[in-house]
Amino acid sequence: VREILESTVRPAPAKVGSSAPADVIVPKGPTGCDPGQTAFFQTLQIATKIAKGQIEMTNDTHLISAGDKVTASQAALLQKLGIEPFTYGMSLLKVYDSGSLFDAKVLDITDEVLTAKFVAALNTISKLSLALNIPTEASVTHSVANAFKAILAVTVELENYSFPKAEIYKAYLADPS
């Protein structure tokens, strides 16, 4: 949903009196305006020259700063140059689903995020269960592994008793190379 809404953003011309949402920088180069309009550029203190029968801006010009009100001459210049510096479109703030209102951030939740949160919760349950000595499905694998380690520790120290899985560890301890 968010991608669809954000893909509908369209360019918009600067309107007189509106507040600029971002800085507007007019690039240097040919303007397409005839030499009779140089006074217009001089009014805005924009350095120009005449080249190939048209006005050419000699420098990139920082025309409007973010937050400033757009003046009539700035809007007219942008319109003459065919520059639409601003955009309009819908911005998603909230999501309504089955009688509940959610923040738009819920749309950013992916399967990977849900999986990571679920695994973290399982780890917490497992750690708590082990610390409290309360067996749960989350801690059963750890409990079995800990029981195996305890049985193995006792078996390694006994000379007369062993079981098949313990033989591997006894052989390693006898010759670690």
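For the structure itself, look to the data block above.
Residues numbered from 1 in each chain as written. Predicted model: local features only at pLDDT ≥ 70, side-chain atom pairs only at ≥ 80, totals over all residues. Heavy atoms only, no water.

(A) Local environment of the overall build of the protein. Counting secondary structure elements, the protein contains six helices and nine strands. Judged by the C-alpha coordinates and their principal axes, the protein covers about 110 × 55 × 25 Å. Within the protein, counting contacts between residues at least 6 apart in sequence, those at least 24 apart form 56% of the total. As displayed, the protein offers around 12,900 Å² of accessible surface, 59% of which is attributable to carbon and sulfur atoms. Across the protein, 15 positive and 18 negative side-chain charges occur, with their mean positions spaced 8 Å apart. (Helix = DSSP H or I, 4+ residues; strand = E, 2+ residues; numbered from the N terminus. Contact = heavy atoms within 4.5 Å. Areas by Shrake-Rupley, 256 points an atom, 1.4 Å probe, with all protein chains shown as cover. Lys, Arg positive; Asp, Glu negative; His and termini not counted. Charge placed at Lys NZ, Arg CZ, Asp CG, Glu CD.)

(B) Quick look at the packing of helix α5 (residues 140-157) against helix α6 (residues 164-174). It is the contact of α5 with α6, at a shortest axis distance of 10 Å, that shows an interaxial angle of 55 degrees. One way to sum up the angle between α5 and α6 is to call them oblique. α6 is crossed by α5, and the crossing has right-handed handedness. Judged by residue contacts, F148, L152, T155 and V156 of α5 engage K165, A166, Y169, K170 and L173 from α6. Counted by class, the contact of α5 with α6 contains six nonpolar, one polar and two charged residues. (Axes fitted to C-alpha atoms, helices over the stretch in contact; angles between N-to-C directions. Parallel < 35°, antiparallel > 145°, perpendicular 65-115°, else oblique. Left-handed = near helix turned anticlockwise from the far one by under 90°. Nonpolar A, V, L, I, M, F, W, Y, C, P; charged D, E, K, R; others polar.)

(C) Inspection of the nonpolar core at higher detail. Counting residues in hydrophobic clusters, the biggest one holds 17 residues, and the most contacted among them are F41, I46, L63, I64 and L78. Going through the elements one at a time, β2 (24-26), β5 (54-57), β6 (61-64) and α3 (72-81) are the ones with two or more residues in this core. Residues in contact with I46, not counting those within four places in the same chain, are F41, M57, T61, L63 and L77. (Core = buried A, V, L, I, M, F, W, Y, C linked by side-chain atoms within 4.5 Å. Buried < 20%, exposed > 50% of the residue type's maximum accessible area, 1.4 Å probe, protein only.)

(D) Broad picture of the environment of A174. Following the sequence through the fold, A174 ends up in helix α6. Accessibility expressed as a relative area gives 66% for A174, which makes it exposed. Note: C-alpha distance between A174 and P30 (144 residues apart in sequence) is 86 Å.

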